[in-house]
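# Notes for the structure review
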Amino acid sequence: MRSILFVGVVLGACSFRPPTGAGPDGGGDDTIDAEFPIDAPDAAPGAARKRRITIDPAQVTGNHTQFPVWVVIDGAIGDRALPDGRDIFFTRPDGSPIPYERQRWDQDSDHLEAWVRIDLSDTAPTELDLRYGDAGLAHPQAPPEVFANGYAAVWHLESTTTIPDATGAVNGTPSELAPSHGVTGSLGRGIQFDGGTGTIAFANPLAGNAPHTISLWVRQTGTTDNDALIVLGTPSCGRSRWLHSRYNAATVAMGFYCNDWPNPGQNIIDAGPTLLHWVYDGTFSRLYRNGALVAGPQPHNTATQVDTQGPTGHLGWAPGAWGPSMGAHAMMDEVRIARVVRTADYIATEHRSQQAPSTFYSVGAEQAAP
């Protein structure tokens, strides 16, 4: 066995039925009743192993259902897990399956990245098991179920050639992006936009005055251009939604085209990896930076009617109708669009989970898995 153990958490999904019931953040319960095929054993008897993951309630603010946890584990399972990772999966302590997505597994470096969906409590530890060693026991990945709680699109941005949406609904189409634009991101890999017209186009999942939570990790470099992180809809008054890392000044900006919030007073240039959340509740906009509501005039009242229209959106660049020089000079990672209003508690917990997974939870010793 390797003696080095470092952990982070990523939670993923399994092909389960859509959740039922409604939780405080727009989700339902975390039950799964689909049947999972069990293949004939392909490992020696007794080869199955598990490690208990315990999420610290002190790292959780509020209680959350169907929460995607980021899991990163190094130097812990490579001696037993298979090279293709098909034996790696997650369960509750009682052995019942939970949705997960393996974002990356490298047996040579013994490095695992995954997303796991679990209910979180701020009063008691949350426990789950990482299992491996016998692929015949594993249940399949199901990314759409990991991100079933209100998400319209989730792009991990692990590649510059294919841009899958973890929900399975809004895959992106890259344009003018080379392999060299793929870089180390905040959560695994990300894409470095260079200020040109390189972009990722996608089908716009938002319409009318519907609420949203748009979030992403960004590492902004110096520029005097207007850097578009995400735009969607039609570039006319009230018909668009846009988020910039710089807009006419060294500050994050956002708006709906003509009724905008151009200066929340948040300069992220050369600030390192930064998690942004733009929350719109149908009337007001709020901006969160690294899990905290930013200072200044909050919330920002939307002065005129929002009626988002148009079939497309873009990451990392905006067409000319939004204005000149809109290519982002920024690394972008883990871009999400949700059709629900995320609470301050949810956003704070999400930042802790993703920014420092090794303190969000602890990982126990290896055990034989029945």
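Structure: above.
Now for a description of the structure that goes with this document. As the structure is a prediction and not an experimental result, all values here were calculated from the model.

## Here we look at the overall build of the protein chain
- Assigned secondary structure in the protein chain consists of three helices and 25 strands.
- Counting across all 370 residues of the protein chain, residues that qualify as buried make up 55%.

## Section: the state of the cysteines
- In total, this model carries one disulfide according to the counting rule given.
- A sulfur-sulfur distance of 1.9 Å marks the disulfide that ties cysteine 237 to cysteine 258. Disulfide cysteine 237 to cysteine 258: torsion about the S-S bond roughly -55°, handedness left-handed. Note that cysteine 237 is positioned in the loop between strand S14 (227-233) and strand S15 (240-246) and cysteine 258 in the loop between strand S16 (253-255) and strand S17 (260-261), a separation of 21 residues in sequence.

## Here we look at helix H2 (residues 344-355)
- Taking 1.5 Å as the rise per residue, H2 with twelve residues should run 16 Å; its terminal C-alpha atoms sit 16 Å apart, in good agreement.
- Of all the residues in H2, the buried ones are Tyr346, Ile347, Ala348, Thr349, Glu350, His351, Ser353 and Gln354.

## Let's talk about the pattern of salt bridges
- In the structure shown here, the tally under the stated rule is 13 salt bridges.
- The closest approach of N and O atoms between glutamate 145 and arginine 117, which form a salt bridge, is 3.4 Å. Highlighted residues: glutamate 145 in helix H1 (residues 143-146) and arginine 117 in strand S6 (residues 111-120), separated in sequence by 28 residues.
- Glutamate 145 sits in the buried class, given a relative accessible area of 8%.
- Residues participating in the shared-partner salt-bridge network are Lys50, Arg52, Glu127, Asp129 and Arg131.

## So, the packing of aromatic side chains
- Considering all chains together, one arrives at nine aromatic pairs under this definition.
- Each ring, one from phenylalanine 67 and one from tyrosine 346, has its centre 4.9 Å from the other, and the planes form 50°; the classification is tilted. Of this pair, phenylalanine 67 sits in strand S3 (residues 64-74) while tyrosine 346 sits in helix H2, and the two are 279 residues apart along the sequence. The exposure classification of phenylalanine 67 matches that of tyrosine 346, with both residues buried.
- Taken together, a centroid distance of 4.8 Å and an interplanar angle of 40° make the contact between tryptophan 242 and tyrosine 247 tilted.
- Take tryptophan 242: its relative accessible area is 3%, and that puts it in the buried class.

## Observations concerning the environment of glycine 233
- Along the polypeptide, glycine 233 turns up in strand S14.
- Here glycine 233 falls in the buried class, since its relative accessible area comes to 5%.
- When near neighbours in sequence (up to four residues on either side) are disregarded, glycine 233 contacts Asn204, Arg239, Thr308, Gln309, Gly310, Thr312 and Trp322.

## Topic: the sheet that holds S15
- Pairing in this open sheet of seven strands is antiparallel, and the strands run S9-S12-S22-S14-S15-S16-S17 from one edge to the other. Lying at the two open borders of the sheet, with one neighbouring strand each, are strand S9 (173-175) and S17.
- In terms of strand pairing, S16 meets S17 through two bridges, oriented antiparallel. Residue pairing across strands places methionine 254 opposite tryptophan 261, the latter belonging to S17.

## Topic: the nonpolar core
- Within the largest apolar cluster, 42 residues are counted, with the highest numbers of intra-cluster contacts made by Ile53, Ile55, Ile77, Phe90 and Leu130.
- Secondary-structure elements contributing two or more residues to this core are strand S2 (49-55), S3, strand S4 (89-91), strand S5 (100-106), S6, strand S7 (126-132), strand S8 (151-155) and strand S24 (361-363).
- Non-local contacts of isoleucine 55, meaning those with residues more than four positions away in its chain, are made with Val60, Val69, Ile118, Leu120, Pro125, Thr126, Leu128, Phe360 and Tyr361.
- Formed by 36 residues, the second largest nonpolar core is a distinct cluster that contains Ile214, Val218, Ile268 and Leu287.

## Focus: the environment of isoleucine 88
- Relative to the elements of secondary structure, isoleucine 88 occurs in the loop between S3 and S4.
- C-alpha separation for the pair isoleucine 88 and tyrosine 132, spaced 44 residues apart in sequence, amounts to 4.5 Å.
- If near-sequence neighbours (up to four positions away) are discounted, isoleucine 88 is found in contact with Ile77, Ala81, Tyr100, Arg102, Trp105, Leu112, Leu130, Arg131 and Tyr132.

Thresholds, definitions, all that
Residues numbered from 1 in each chain as written. Predicted model: local features only at pLDDT ≥ 70, side-chain atom pairs only at ≥ 80, totals over all residues. Heavy atoms only, no water. Helix = DSSP H or I, 4+ residues; strand = E, 2+ residues; numbered from the N terminus. Buried < 20%, exposed > 50% of the residue type's maximum accessible area, 1.4 Å probe, protein only. Disulfide = S-S within 2.5 Å. Expected span 1.5 Å × (residues − 1). Salt bridge = Lys/Arg side-chain N within 4 Å of Asp/Glu carboxyl O. Phe/Tyr/Trp six-rings, centres within 6.5 Å; stacked < 30°, edge-to-face > 60°. Contact = heavy atoms within 4.5 Å. Pairing = 2+ DSSP bridges. Core = buried A, V, L, I, M, F, W, Y, C linked by side-chain atoms within 4.5 Å.

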